[in-house]
Each structure stands twice: as structure tokens, then as C-alpha cells.
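A structural walkthrough
Each chain is listed here by its residues.
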Amino acid sequence: MVASGNDFVVIDGHKASAQKICDRKYGVGADGLLVLEKSGIADVKMRVFNADGSEAEMCGNGARCVALWLSVQRTTHNAQLKIETKAGIIQAEVNKDNVRIKLTSPKGLKIGIPLKINSRMLKANFINTGVPHTVIFVEGLDKIDIANLGRLIRNHNKFAPKGTNVDFVEVISRDTLRVRTYERGVEDETLACGTGAVASSLIANRMGYVAKIPVKVKVRSAEELKVYFRKIDKGFKDVWLEGRARIVYKGVYHV
């Protein structure tokens, strides 16, 4: 399945090696593996395994894929669903290939964190939108060495021991951002990151760069995500992520 350029292998009820399945040469090839299990508190439980085999708490675009998959299984193109994750319960709304999810309340907001990278000081910002994200505002986004700079920030001792995802953000207008993301666990740039789009939008709003809602986020795949939220004194509430998702193909994986 794919959501705005973020691609996943979805397996129903079986555990398998994420590293082998996500390998783009010897496996199926994906940014991550989503394993669906029964839930006593939601429609389904989603476990998220990164391409390196590590397990993540949540994945925004992955949750949107799972919501679409469930709606297809139930043969309804309009559905309201709940997905259990390690980060909490995710609400989802499916309208054909357009999928919206309500994230758990963001936490850990920090603005203006000084980071020393290769003898250069950077100002970074942090928020946890289900998984940790460090957001850095830049000019000339296309010229940034996302892979190398992202790796250094992802492994910086200020984010130890678990590390962080890293979003490089260029402000286009009062309601539009461009975002490129280095994803922890994939250990490279991906074509999109849902929780990263949300993190970038929330921090851009908090810093006064964007004021209109929804915030439109253009990701590397050239698709557009929309982020909705309500600003409150110490953070944000009612955070929603919206975009397209689709099933690419179904098959049999030989273990």
C-alpha cells in the first residue's frame, strides 16, 4: 500500500522479518511493515516495523493505509474506524481514496534547541506527534543534503537514546509548507512522512510562519497532505492528517 509516497507492506495477523520483506532487492520493498492484529479496544491493532526491523510507536501514513484496507475488507468506501497503536487510539475516516486520521495529542514541544553539527550551530525544534520529530526551517530545500545532515541530527546525543525523525521545512506561504523528511528506522529520506507533516505544521504555526488552517504540506513525492488542528495555550488539540492512499497490489510472500 502507498500513502502520498510512503509505501508499506501490510500483513494480516502474521509476524515476519521486516528487514527481509522491506528489502527492495531481495524482498518486496517498502518503507515499513504493518502487522495487523486483533484488538479488544478498537477495530484493529496496528504494529509498525521499520525497514531496519525496529518497532515504532505509530505511523501516520501507515495508519491511513490500514484504515483504507479495513474499509475495503468491509466493502464500504465511507467508514469511521479506530486503530490501536502503541501511541494510543487513532480515529480514522475513509472517503474512497481520501483518508483522514486523528492523531493522539502532541507532546514535548520545544522551540529553539541549539544543535552543533559539523562545527556549525543550528536552531532546531522538537515535538512528538506519536513519534519524535525534530523540525528545522531552511531556505533552498532542494539544495539540502537530507541524507547526511538528517543522519547526524537523528543520532545527535540530545535525542539519545531513541533518536529522532528529522524534518527540513521551507515556508511557501501563510498556509503552505514544503517538507522533506529523514526517517528514523528507514535511515534515509522517504517520499513522505505523515507524522512529520503534522510536526512541521504545528511548529510552523507556533512560530508564526503559517496562520491558515488547514496547512497544506507538499512532500517529496509531489503529493499534498493537509493538517488540521486547534491551537491551545500549551499545545494543540484535535490534530487531523488528510491525504490519499491506495492499495498497489496483493501477493504471496514466500518465507
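In what follows, the accompanying structure is described. No experiment lies behind these values; they were computed from the predicted model shown. (Residues numbered from 1 in each chain as written. Predicted model: local features only at pLDDT ≥ 70, side-chain atom pairs only at ≥ 80, totals over all residues. Heavy atoms only, no water.)

**Overview of the nonpolar core**
- Counting residues in each nonpolar core, the largest one holds 50 residues, and the members touching the most others are Met46, Val66, Ile83 and Val217.
- Looking at which element gives the most residues to this core, the answer is helix 2 (residues 60-73), with 7 residues.
- Sequence-distant contacts of valine 66, that is, excluding residues within four places in its chain, are made with Leu34, Leu36, Val44, Met46 and Ile83. (Core = buried A, V, L, I, M, F, W, Y, C linked by side-chain atoms within 4.5 Å. Buried < 20%, exposed > 50% of the residue type's maximum accessible area, 1.4 Å probe, protein only. Helix = DSSP H or I, 4+ residues; strand = E, 2+ residues; numbered from the N terminus. Contact = heavy atoms within 4.5 Å.)

**A closer look at the environment of isoleucine 83**
- Summarising the element assignment, isoleucine 83 is placed in strand 6 (residues 78-85).
- The buried category is assigned to isoleucine 83, whose relative accessible area is 0%.
- Linking isoleucine 83 and alanine 63, residues 20 residues apart in sequence, is a C-alpha distance of 7.4 Å.
- What isoleucine 83 contacts, discounting residues up to four positions off in sequence, is Ala42, Val44, Met46, Ala63, Val66, Ala67, Gly88, Ile89, Ile90 and Ala92.

**Section: unusual backbone geometry**
- For the peptide bond that leads from alanine 160 to proline 161, omega is 0°, which places it in the cis range.
- Positionally, proline 161 belongs in the loop between helix 3 (146-154) and strand 12 (165-173).
- Residue proline 214 follows isoleucine 213 across a cis peptide bond; omega there is 10°.
- Turning to its location among the elements, proline 214 is positioned in the loop between helix 4 (194-206) and strand 15 (215-218).

**What to know about the pattern of salt bridges**
- Applying the stated rule across the entire model yields 20 salt bridges.
- Ionic pairing is found between glutamate 93 and arginine 100, a salt bridge with its closest N-O pair at 3.0 Å.
- Each of Glu37, Arg47, Glu55 and Lys86 takes part in one network of salt bridges that share partners. (Salt bridge = Lys/Arg side-chain N within 4 Å of Asp/Glu carboxyl O.)

**Some remarks on the pairing of strand 17 (residues 235-244)**
- Most of strand 17 is tucked away: 7 of the 10 residues are buried.
- Here strand 8 (residues 98-102) pairs with strand 17 via 5 bridges, running antiparallel. Bridging from a neighbouring strand, lysine 102 pairs with tryptophan 240 of strand 17.
- Here 6 bridges tie strand 16 (residues 224-232) to strand 17, and the two strands are oriented antiparallel to one another. Bridged to lysine 231 within strand 17 is phenylalanine 236. (Pairing = 2+ DSSP bridges.)

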